[in-house]
Structure formats: C-alpha cells, structure tokens
Amino acid sequence: QLSETEGPSQLAVVVSAQGDTTDCLIDAVDVASSGDAKGAEEVLDKISDLAISNAIACFHITRNLAPASVMTRQPDFVRIVRELITPLRQVILGVSYVKEKTPQVLDYVLSFGERLSAIIMSELLLAISIPAQFVDARQIIRTDSHFGAANIDWPVTSQLIRTTAMSWLNTVAVVPGFIGSTNDGRTTTLGRNGSDLTATLLGSALMAECVVINTDVPGVMTADPSIEKMSYSVKKLSYYEALELSILGVSMFHPRSLLPLIESKVPLLIRNTLKPEEHGTLIDELGLDDGDEIKPKCIASIEALAQISLRATKEYSGIKVAYQLEQSGIRLYVTTAAQPNQSMVFVV
C-alpha cells in the first residue's frame, strides 16, 4: 500500500514488536536473572530465528505482489538481525552474572522488539524501491526516568521531532514505537499503548494531515462485539468522546495517546489492517458529519468488577480505606457515600 500512496512527501510509519517478541524478551530477562545464562541464550535464539524467518517470509510475499521492475536483491536479514541482537546478548549475560533485573535493564531489553521490527520494515521497503530510513525513536522521544511507563517531555520531544523530520523529506521514516530515552541517553518505554502514543506524538508535532492506526478491527465499535453481535463500527467520534471511552475501559486507545491530538487538532483514523478501504472510525474535534444529529454512539462495558461495602469505624473511615486502595494500585471505578466519612461503597 505504501508503494501506491499518493499525497504528502513526508510519511512516518510507527511499528510495534512482532508477535510474541515482547513476552519472549521478558522471559529472557527472567531466566537470566535466575542465573541461567544458557537458558536465556536459547530464548534469544528463538527471538532471532523468529525475526529472520518472518522477515524472509515477508520479502517473498512482497516479491510476489510487487512488479518485478521495482524489486531489488533480498536484504541479508540474517546479518541484520544478528548484528542488532549482539548487544542484547551481552546485556542478558550481564543480568545472569548479577542475578538481578531492574526496570532500567528491562526497558533496554524490551526496546529490541520494536527496533527489530522497524529495521526489518525499512529494509523491506528499500527492497521494493521505496526510499525509506530507520529512525531511532530514542533520538526524538524525550522522557523522564520513570522506567516502564515514562512520561514525555513534550516541549523537547516536539522540537526534536520537527528538527529531525527535515531529513525525512521524500522518504518513509520507519520509527519503532513504545520507546524513548532520558536526557542522559538511557532507554525508556512508554507503557500501555506506547506505539500509539509514539504515532500521535509524531503526528501532533508535525501537524500531520491524519494519524492512522491500523488494527485488527474495523474501528471503534458501538459495543463489545463479543457481547453484542449486532455491534458495528462508528464512523466518527470527537476527541472527548474517545477520551471518555478510553477511561471507561475501551482498550483500543489510551487517554495519553489522545492528548497530543487534542492539543494539535490532528485527526485520528482507526481502521482494519486487512480492509483499509473501509471507512473505519475518524476521531476529530467535532466528531460529526454535516447534518448529523447529536446522539449516543457507543456503549462501554467493564467486566470482572467487585463491589465493596464498608461501614466506617473510629479506626477505619471510608476515606482512609479509599486512600489505602489507591496507594495499593487498585483502581476505584465508583465511590459512593451515604454521608461524608461514613458508610461507603467502592467498585473495584
């Protein structure tokens, strides 16, 4: 599809890790931290072999679909993947020596999943004569040192993206999602839906025509299709409707991913990867087409919840219990009280 794209000369593609790569990387750190260096190496071999086989398979599929005139030689994926994995092997060996895994080390290890995908994608595009370049997100996404769910330094990140993007003109920039770096160069990850956040940060900083998220569903559904079989995709939503849905449990996007777009007013299109011709869901400032009437669009459902009823005592007030639950990382979906600091009901 990229080879057929007509439009702006500046195009950025954000990619995530392949398949189970992230889980395998976590396994590698866990095995290494137990002191089993050989077992960790075997996990890395599995990751390497999977990346190489997927890359070669994608090349053959592309070769069968693309005109022969645009094809170049097959990239040396074995060399490319093994060279990228080499520093990862060194880090994993070090973890096996000290038998300790830290959030900082885990972030560095996890970054290899997205970086592998981005490098392979850029090589595949070059193989069909599409000018492309790998852009390391760690050079343009600046964060704090909250490893595992780093916070974006938006002013610095925005400036870095705009400055670096000058070198992307007339090429496809392939950017690994989910990762960034601190001011002193330490690799960080962005947490849940990190790749979507990377895409919206890029789109917002560059004032893109649109940010497109390709997924396995045809857009935002009117209800959970596993519960309501008659649900269908919504054509348009406003930023704040989408934000409210994400807060209520819709996992398709995270509130953080929407915030850059709300500020810049860049629209977001969510569509099916295998059916890009379908309308999908467009999220913008208004969320309406001309002549549309304002009416409810979606029903959000949250499962696996529990209700806790509490009668306050001198030792334990409702407010104290709520505070302790939140400090323990337990999300309170609903809190009600008959009277302040008396009997309370929590939904967790």
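Residues numbered from 1 in each chain as written. Predicted model: local features only at pLDDT ≥ 70, side-chain atom pairs only at ≥ 80, totals over all residues. Heavy atoms only, no water.

(A) Examining the sheet that holds strand E8 (residues 268–272) more closely. Spatial ordering of the open sheet is given by E6-E8-E9-E7, a layout of four strands whose pairing is mixed. In this open sheet, the two strands that pair with only one neighbour each are strand E6 (211–215) and strand E7 (236–238). Here the strands of the sheet are splayed against their neighbours by 20 degrees on average, with no regard to which way each runs. In the packing of helix H7 (residues 239–247) onto the sheet, contacts are made with E7 and strand E9 (281–284), and the angle to E7 comes to roughly 85 degrees. (Pairing = 2+ DSSP bridges. Helix = DSSP H or I, 4+ residues; strand = E, 2+ residues; numbered from the N terminus. Axes fitted to C-alpha atoms, helices over the stretch in contact; angles between N-to-C directions. Contact = heavy atoms within 4.5 Å.)

(B) Up close: the packing of aromatic side chains. Applying the stated criterion to the full structure yields one aromatic pair. A ring pair is formed by Tyr108 and Phe112, whose centres lie 5.3 Å apart and whose planes are at 85 degrees; its orientation type is edge-to-face. Of the two residues, Tyr108 and Phe112 both sit in helix H4 (residues 103–127), four residues apart, roughly one turn of that helix. You can call Tyr108 partly exposed: its relative accessible area is 24%. Above the ring of Phe112, the side-chain terminus of Arg115 is found at 4.2 Å from the ring centroid. (Phe/Tyr/Trp six-rings, centres within 6.5 Å; stacked < 30°, edge-to-face > 60°. Buried < 20%, exposed > 50% of the residue type's maximum accessible area, 1.4 Å probe, protein only. Lys NZ or Arg CZ within 6 Å of the ring centre and 35° of its normal.)

(C) Looking closely at the confidence of the model for the chain. Here the chain shows a mean pLDDT of 87. Residues at 70 or above account for 91%. For the stretch residues 3–8, pLDDT sits under 50, and the model shows two contacts to residues farther than four places along the chain or on other chains. (pLDDT = per-residue confidence, 0-100.)

(D) A look at the sheet that holds strand E11 (residues 334–337). Taken in spatial order, the three strands make up an open sheet running E10-E12-E11, and their pairing is antiparallel. Because the sheet does not close on itself, it has two edges, and the strands there are strand E10 (307–310) and E11. When strand polarity is set aside, the average angle formed by the axes of neighbouring strands in this sheet is 10 degrees. As defined by bridge partners, E10 adjoins strand E12 (residues 344–347) across four bridges and the pair is classed as antiparallel. Opposite Ile308, over in E12, you have Phe346 as the bridge partner.

(E) Broad picture of the pattern of salt bridges. Considering all chains together, one arrives at eight salt bridges under this definition. With a shortest N-O distance of 3.8 Å, Arg79 and Asp76 are connected by a salt bridge. Under the relative-accessibility criterion, Arg79 is labelled partly exposed at 41%. A salt bridge links Asp136 to Arg138, with the nearest nitrogen and oxygen atoms 2.8 Å apart. (Salt bridge = Lys/Arg side-chain N within 4 Å of Asp/Glu carboxyl O.)

(F) Up close: the environment of Glu42. With respect to the secondary-structure elements, Glu42 resides in helix H2 (residues 37–65). Here Glu42 falls in the partly exposed class, since its relative accessible area comes to 48%. Sequence separation between Glu42 and Ala28 is 14 residues, and the spatial gap between their C-alpha atoms is 8.4 Å.

(G) Inspection of helix H5 (residues 154–164) at higher detail. Along H5, the positions that sit buried rather than exposed are Trp154, Thr157, Ser158 and Ile161. One face of H5 carries all of its buried residues, which in axial projection span an arc of 100 degrees. Those residues of H5 that are buried are in contact with helix H6 (194–205) and helix H8 (255–264). (Arc of directions from axis to C-beta.)

(H) The arrangement of the nonpolar core in detail. Ranked by size, the top nonpolar core spans 57 residues in total, and within it Leu88, Ile92 and Ile140 carry the most contacts. Elements with a contribution of two residues or more to this core: strand E1 (11–15), helix H1 (21–33), H2, helix H3 (77–98), H4, H5, strand E3 (172–176) and H6. Ranked by residues supplied to this core, first place goes to H4 with ten residues. Once you skip the residues sitting within four places of it in the chain, Ile140 turns out to touch Val135, Thr157, Leu160, Ile161, Thr164, Trp168, Val175 and Leu202. Core analysis: the second largest hydrophobic core is formed by 18 residues, Val220, Val234, Tyr239 and Leu245 among them. (Core = buried A, V, L, I, M, F, W, Y, C linked by side-chain atoms within 4.5 Å.)

(I) Quick peek at the state of the cysteines. Following the criterion strictly, the structure yields zero disulfides and no others. Free cysteine Cys58: the closest other cysteine sulfur is in Cys24, separated by 17 Å. Counting only cysteine sulfurs, Cys298 is the nearest neighbor of Cys210, a cysteine outside any disulfide, at a range of 18 Å. (Disulfide = S-S within 2.5 Å.)

(J) Quick peek at H6. Under the 1.5 Å per step criterion, the end-to-end length of H6 is 16 Å for twelve residues, consistent within 8% with the ideal 16 Å. For H6, the tally of buried residues reaches twelve of twelve residues, placing the bulk of the element in the interior. When H6 is considered as a whole, its buried residues turn out to be Gly194, Ser195, Asp196, Leu197, Thr198, Ala199, Thr200, Leu201, Leu202, Gly203, Ser204 and Ala205. (Expected span 1.5 Å × (residues − 1).)

(K) Layout of the packing of H7 against H8. Taken N-terminus to C-terminus, the directions of H7 and H8 make an angle of 165 degrees; their axes are 9 Å apart at the nearest point. Regarding the angle of H7 to H8, the classification is roughly antiparallel. H7 and H8 meet at a crossing whose hand is left-handed. Each of Tyr239, Tyr240, Ala242, Leu243, Ser246 and Ile247 in H7 lies in contact with H8, whose residues at this interface are Pro255, Leu258, Leu261 and Ile262. Residues belonging to the contact of H7 with H8 are distributed by class as follows: nine nonpolar, one polar and no charged. (Parallel < 35°, antiparallel > 145°, perpendicular 65-115°, else oblique. Left-handed = near helix turned anticlockwise from the far one by under 90°. Nonpolar A, V, L, I, M, F, W, Y, C, P; charged D, E, K, R; others polar.)

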